[in-house]
Amino acid sequence: MKLSSRSKAYMIPEYSLTGDLLSFLTCNLQYRYQNKGTLPPSMPIQLWFGEFIHGVMEEAYLQWELNKTPFPWDWKKDIRPIENMIDARLQVRGLYPPKEHFFSTNHPSNENVDVNERDHKKLASARAERAINYWGPHLFPLIDSAELLIKGIRNMPNYDENTSRSNYYGINGVIDVLSSLKINETIENTQQTTLDSYRNKIIEYLRNDKEFQEHVHNIDGDEYEVIIDYKGMRRPSNQRDDDETWIRHKWQILTYAWLRHQQADAKPIVAGIIFYLNELVPSKEDLIVVQQDIHNNLTDIPKEGEFKKDVALIENWDEDAKVPELSSEFKTARSIRIININPDEIEKALNEFDNVVNNIESSLIKEIKGCKIQDAWKAQGDERTCDACDFKTFCKNKKTKTKEFTIP
């Protein structure tokens, strides 16, 4: 009897929106070394903080849901244990915190450090505390589903039976979901309370967004959803949606909306909200870029009106001086971004990410066929990305500035 040969293994490539697609767009070659080569960066400042603040916010919500601990939370008692837990999880994945921004109690070299030093609140901890105590009271009561994994399947772009790895690819992401039921419940509770000073800032922003209100009125039924994402970064530069990072974040939310819509229990998704949490405690480096954005009219936050004083403080600030005290209202406005969901724009976002997947797959196939890594993957990071990259010493297209030294 003739035995049939085992069929070739069939694999559908799986891509994460943030870990793969947005990372690839930052720099193709860096993505190859870090994601496909499993070489974690030694100084992952933005990568580490993005993962850290996302994990801290999710764990804080879970603890609030369980214990209903009233705000504000004490940093040492309530928040520091959460930070240590998330830090330990990230270290298992090879992501270690930058020492200048976070004191890790999980690192062996810090075991015998003085207690006061171990509890020193550095920049990452200051941002975590501010994010929880500022947005937590407004955000947590509205969350209907936390850490929701959303997945979908799409046709492989430019599929070729002879060369493509699969005729489909998978795409996934993790989001928090706000529901209209929670929003309406919060509004009713607020109206009934005697504490007139309490207002939910997220609901205020949604109420003041005309496009959002139009979408709500046009949906069938009373139930809808708003999806949430956190970014451990400053608000990107933008002018009429021309900035790459600004528009890519919009694509991400639109794609999340499409993925969520594939799930059986989903309600109509009318908007997404991104929280740029660095804005609550801006660093000097962040403020330098904000100053440049204001000077070049590359920000959507108005320069006149209620933020006129804050804008003046930033414009007149010297980077050698102490960071100015900006108003809570200004930092709030910079830290929240509402993206309304439009079916036509969803299709455009999906097509854009199809192109990204096509480029990743093309680079992979080139390498499989014997092409050298640096020839198969483009090095296209901007100057700030290159400066922080571990692979800049052997990258042929590095954009780091080489200092010139002269002999006196």
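Quick caveat, the model's predicted, so the values are computed rather than measured.

Asker: Help me out: how do you make sense of the overall build of the protein in this one?
Answerer: Within the protein, the regular secondary structure consists of 16 helices and six strands. Counting the 408 residues in the protein, one finds 49% classified as buried. When contacts within the protein are restricted to residue pairs at least 6 apart in sequence, long-range pairs at least 24 apart make up 74% of them. Surface exposure of the protein reaches about 22300 Å², of which carbon and sulfur atoms provide 48%.

Asker: Is there a simple way to think about the pairing of strand 6 (residues 336-340) in this case?
Answerer: Side chains on a regular strand alternate between the two faces of the sheet. Along strand 6, five of the five residues are buried, which leaves the element largely enclosed by surrounding structure. The two faces of strand 6 match: Ile336, Ile338 and Asn340 on one face and Arg337 and Ile339 on the other face are all buried. Across five bridges, strand 5 (residues 269-276) lies against strand 6 in antiparallel orientation. Residue pairing in the sheet places Ile273 in a bridge with Ile338 of strand 6.

Asker: Is there a simple way to think about the environment of Phe330 in this case?
Answerer: Summarising the element assignment, Phe330 is placed in helix 13 (residues 328-335). What makes Phe330 buried here is its relative accessible area of 3%. It is 9.6 Å that separates the C-alpha atoms of Phe330 and Lys309, two residues lying 21 residues apart in sequence. With sequence-adjacent residues up to four places away left out, Phe330 is seen in contact with Ile301, Phe307, Asp310, Val311 and Ile314.

Asker: Explain the nonpolar core to me, please; I cannot follow it from the model alone.
Answerer: One recurring pattern in soluble globular proteins: nonpolar side chains tend to sit buried together. Counting 48 residues, the largest nonpolar core has Phe52, Met57, Leu139, Ile202, Ile273, Phe275 and Leu277 as the members making the most contacts within it. If you tally residues by element for this core, the top one is helix 3 (residues 45-67), at nine residues. What Ile273 contacts, discounting residues up to four positions off in sequence, is Ile202, Leu206, Val226, Ile227, Ile228, Asp229, Ile336, Arg337 and Ile338. If you look at the next biggest cluster of nonpolar residues, it comprises 46 residues, including Phe24, Tyr276, Ile346 and Cys395.

Asker: Teacher, can you tell me more about helix 12 (residues 308-315) here?
Answerer: An α-helical segment advances 3.6 residues per turn. Residues three or four places apart therefore align on the same side. Buried residues of helix 12: Asp310, Val311 and Ile314, and no others. Each buried residue of helix 12 lies within a common arc of 100° when the element is viewed along its axis, so the set occupies one face. Away from its buried face, by an angle of more than 90 degrees, helix 12 presents the exposed residues Lys308 and Lys309. Looking at the buried residues of helix 12, the elements they touch are helix 11 (284-295) and helix 13.

Asker: For this particular structure, what's the right way to read the confidence of the model for the protein?
Answerer: With 86% of its residues at a pLDDT of at least 70, the protein reaches an overall mean of 85. Segment residues 193-197: pLDDT under 50, and zero contacts once partners within four positions in sequence are set aside and those in other chains are kept. Contacts from residues 401-408, a stretch scored under 50 in pLDDT, to residues over four places away or in other chains number two contacts.

Asker: Just to check I follow, could you spell out the pairing of strand 5 for this structure?
Answerer: Burial within strand 5 is extensive, with eight of its eight residues counted as buried. Looking at chain direction, strand 4 (residues 225-231) and strand 5 are connected through seven bridges and run parallel. Bridge assignment links Ile227 to a residue of strand 5, and that residue is Gly272.

Asker: Is there a simple way to think about the packing of aromatic side chains in this case?
Answerer: How two aromatic rings sit relative to each other is set out by the distance from centre to centre and by the angle between their planes. Inspection of the entire model under this criterion finds 19 aromatic pairs. Positioned above the aromatic ring of Phe49, the side-chain terminus of Arg127 is 5.5 Å from the ring centre. Here the basic side chain of Arg154 rests over the ring of Trp258, its NZ or CZ set 5.2 Å away from the ring centre.

Asker: When you look at unusual backbone geometry in this model, what are you seeing that I'm missing?
Answerer: With the exception of glycine, the majority of residues adopt a negative phi angle, and the majority of peptide bonds are in the trans configuration. Along the chain, Phe71 connects to Pro72 via a cis peptide bond; the corresponding omega equals 0°. By the secondary structure assignment, Pro72 is in the loop between helix 3 and helix 4 (75-92). With a phi angle near 50°, Lys68 is a residue other than glycine that sits in the positive phi range.

Asker: Would you take a moment to explain the pattern of salt bridges for this structure?
Answerer: Oppositely charged side chains can form a pair if their charged atoms are brought close together. Evaluation of the coordinates by the stated rule reveals 22 salt bridges. Across the salt bridge formed by Glu59 and Arg89, the nearest N and O atoms sit 3.4 Å from each other. Separated by 30 residues along the polypeptide, Glu59 in helix 3 and Arg89 in helix 4 bring together distant segments of the chain. When its relative accessible area of 12% is taken as the criterion, Glu59 is described as buried. Residue classification places Arg89 among the partly exposed residues on the basis of a relative accessible area of 44%. Close ionic contact of Asp293 with Arg234 constitutes a salt bridge, the shortest N to O distance being 3.4 Å. On the criterion of sequence distance, the pair formed by Asp293 in helix 11 and Arg234 in the loop between strand 4 and helix 10 (244-261) is long-range, its members being 59 residues apart. The class of Asp293 is buried, set by a relative accessible area of 5%.

Conventions we followed
Residues numbered from 1 in each chain as written. Predicted model: local features only at pLDDT ≥ 70, side-chain atom pairs only at ≥ 80, totals over all residues. Heavy atoms only, no water. Helix = DSSP H or I, 4+ residues; strand = E, 2+ residues; numbered from the N terminus. Buried < 20%, exposed > 50% of the residue type's maximum accessible area, 1.4 Å probe, protein only. Contact = heavy atoms within 4.5 Å. Areas by Shrake-Rupley, 256 points an atom, 1.4 Å probe, with all protein chains shown as cover. Pairing = 2+ DSSP bridges. Core = buried A, V, L, I, M, F, W, Y, C linked by side-chain atoms within 4.5 Å. Arc of directions from axis to C-beta. pLDDT = per-residue confidence, 0-100. Phe/Tyr/Trp six-rings, centres within 6.5 Å; stacked < 30°, edge-to-face > 60°. Lys NZ or Arg CZ within 6 Å of the ring centre and 35° of its normal. Salt bridge = Lys/Arg side-chain N within 4 Å of Asp/Glu carboxyl O.

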